[in-house]
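So you can see what is in the structure, the chains are spelled out below.
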Amino acid sequence: MACEELALIVACREGSLEACSQLLSQYEGYIYSLCYRFSHQREEALEMAQEAMFRLIQALPSFQPNRRFKPWLRRVVINSCLNLIRHKEPATIPLENAERWPAATAADPAAQAEALEIQHSLHKALQDLPVITRLVIVLRHQEGLSYQEIADETGLPIGTVRTHLHRGRQRLRAALSEHYAWEASL
Amino acid sequence: MNCDYDLLAQYLDGELADNARCQLLSHLRDCPVCRRELGRLRFLWLELNNPVEIAPPAELPYLRQQAVRAALAHETAGLTFWESQRLAWTPVLLAAGFLADSGLLNTMAKTAGYGLRISLQGLGRLGMQLVKGRGK
Ligand SMILES: [Zn+2]
């Protein structure tokens, strides 16, 4: 870990407001994007991010300086989000409220339109998944975690992680099937 | 070996042990159905692995400040952020000052949802105390 970051963490543990703010400012973009991927809704993601930052500062004394900081931070964020999710009604979000999925970058306009359409229907299918399933999929595909790592981060049994991945990706595959007229999955 | 699409998914996830991976690869050589499905899954994986840029909202630094203040207050162990806000007057007042100044109240109302309601309830109670204090 970088010396400056360690020094910052020490200052945070001593209760320096400025240090805490500075430390979090380096990660808040990451924290928010993680929360946004979990919730797919701006307001909820902001609420999750704020709760996560609050938890991070509270949990900082339990961080072991010989470990890497970002994986520790991610674990706190995930747990904080799971905690919020478990205390809330599952939100159903109308599509109009969703932020636009980023545009495809293909040069051919027809291909670009099609790519966009596919991304849009995948986004929609992702949104319709139960939030825990989406969280597991985000951890696998966007954070690159293994099944075991996902189980460790979330506290879910590894079999449950597999089930979420399997069911979630089946639904996503079904969304693509509509576009390509693929036959149903096994 | 029978066709098993979940094995294909585990293969793409890099979760198959050497033995199972060899069996699957040899099955793939003989099975056009699984080869086609693997191609489709690769496509899905590509879309899902595609990094998504998400711009941080403008109010994030403010929410961070608020979270840090609340977390550093002593009595907040075991509480959620918004529970801590219910107990602590100061952050609520700071929040109100900031919101009124910057005209972010609308955004915050949308952002914070039930949290803002709690904050405003707190303000209301404090406001009442102030009013009562003046009356004495
Ligand atoms: Zn097969």
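Located above this text is the structure these notes cover.
So, a few notes on the structure that sits alongside this text. (Residues numbered from 1 in each chain as written. Chains lettered and ligands numbered in written order. Predicted model: local features only at pLDDT ≥ 70, side-chain atom pairs only at ≥ 80, totals over all residues. Heavy atoms only, no water.)

1. Quick word on the packing of helix H6 (residues 131-141) of chain A against helix H7 (residues 147-154) of chain A
Residues and elements named next belong to chain A.
Step number 1: For the pair H6 and H7, the least separation of the axes is 10 Å and the interaxial angle reads 130 degrees. By the criterion of interaxial angle, the relationship of H6 to H7 is oblique. In terms of crossing hand, the pair formed by H6 and H7 is right-handed. Only Tyr147, Ile150 and Thr154 of H7 make contact with H6, whose side of the interface consists of Leu135, Val136, Leu139 and Arg140.
Step number 2: Tallied by class, the residues present in the contact of H6 with H7 amount to five nonpolar, one polar and one charged. (Axes fitted to C-alpha atoms, helices over the stretch in contact; angles between N-to-C directions. Helix = DSSP H or I, 4+ residues; strand = E, 2+ residues; numbered from the N terminus. Parallel < 35°, antiparallel > 145°, perpendicular 65-115°, else oblique. Left-handed = near helix turned anticlockwise from the far one by under 90°. Contact = heavy atoms within 4.5 Å. Nonpolar A, V, L, I, M, F, W, Y, C, P; charged D, E, K, R; others polar.)

2. As for the nonpolar core
Residue and element names in this part refer to chain A.
Step number 1: Membership of the largest hydrophobic core comes to 83 residues, with the highest contact counts inside it found for Ile31, Phe69, Leu73, Val77 and Leu172.
Step number 2: Counting residues per element, this core draws most heavily on helix H2 (residues 17-39), which supplies twelve residues.
Step number 3: Among all residues touching Leu73, those that are not within four sequence positions of it are Tyr27, Tyr30, Ile31 and Leu56. (Core = buried A, V, L, I, M, F, W, Y, C linked by side-chain atoms within 4.5 Å. Buried < 20%, exposed > 50% of the residue type's maximum accessible area, 1.4 Å probe, protein only.)

3. A look at the coordination of the zinc ion
Step number 1: Around the zinc ion, the protein supplies Cys3 of chain B (SG), His27 of chain B (NE2), Cys31 of chain B (SG) and Cys34 of chain B (SG) as donor atoms, at distances of 2.1 to 2.3 Å.
Step number 2: The sequence pattern formed by the donor residues of the zinc ion is C-x23-H-x3-C-x2-C. (Donors = N, O, S within 2.8 Å, 3.2 Å for Na, K, Ca; no water.)

4. What to know about the interface of chain B and chain A
Step number 1: Listed by partner, the interface residues are 50 residues for chain B and 50 residues for chain A.
Step number 2: Both faces combined, the contact of chain B with chain A buries some 4,400 Å², and carbon together with sulfur accounts for 61% of it.
Step number 3: Of all residues in chain B, the largest losses of buried area upon contact with chain A belong to Leu48, Ile54 and Arg64 of chain B, amounting jointly to 15% of the total for that side.
Step number 4: Linking chain B to chain A there are five salt bridges.
Step number 5: For the salt bridge of Arg42 of chain A with Glu59 of chain B, the shortest nitrogen-to-oxygen distance reads 3.1 Å.
Step number 6: Summed over the shared surface of chain B and chain A, the number is 15 residue pairs in polar contact (both at pLDDT 80 or more).
Step number 7: Every element with two or more residues in the side of chain B that touches chain A is listed here: helix H1 (5-12), helix H3 (32-49), helix H4 (60-72), helix H5 (81-87) and helix H7 (105-112) of chain B.
Step number 8: For the side of chain B that touches chain A, the leading source of residues is H4 of chain B, giving twelve residues.
Step number 9: Within the side of chain B that touches chain A, the residues separate by chemical class into 27 nonpolar, ten polar and 13 charged. (Buried area = accessible area lost by both parts, 1.4 Å probe. Salt bridge = Lys/Arg side-chain N within 4 Å of Asp/Glu carboxyl O. Polar contact = N/O pair within 3.5 Å; in protein donor to acceptor, adjacent residues only side chain to side chain.)

5. Brief notes about the pattern of salt bridges
Pairing of side chains with opposite charge becomes possible as their charged atoms draw close.
Step number 1: Under the counting rule described, the total for this entry stands at twelve salt bridges over all chains.
Step number 2: The residue Arg42 of chain A makes a salt bridge to Glu43 of chain A at a minimum N-O spacing of 4.0 Å.
Step number 3: A residue is classified by how much of its surface remains accessible, and Glu43 of chain A, at 23% relative accessible area, is partly exposed.
Step number 4: Between Arg173 of chain A and Glu37 of chain B there is a salt bridge, and its shortest N-O distance comes to 2.7 Å. With Arg173 of chain A in helix H8 (residues 158-180) and Glu37 of chain B in helix H3, the pair connects residues from two separate chains.
Step number 5: Judged by relative accessible area, Arg173 of chain A falls into the buried class, the value being 4%.
Step number 6: Residue Glu37 of chain B is classed as buried on the basis of its relative accessible area, which comes to 2%.
Step number 7: Salt bridges sharing common partners tie together Arg74, Arg75, Glu143 and Glu153 of chain A.

6. So, the environment of Arg140 of chain A
Step number 1: Its location among the elements puts Arg140 of chain A in helix H6.
Step number 2: Once the C-alpha coordinates of Arg140 of chain A and Val161 of chain A are considered, the two residues, 21 residues apart in sequence, prove to be 9.9 Å apart.
Step number 3: Once you skip the residues sitting within four places of it in the chain, Arg140 of chain A turns out to touch Leu145, Tyr147, Ile150, Leu165 and Arg169 of chain A together with Asp13 and Trp45 of chain B.
Step number 4: Among the polar contacts made by the side chain of Arg140 of chain A, one reaches the main-chain carbonyl oxygen of Leu145 of chain A at a distance of 2.8 Å.

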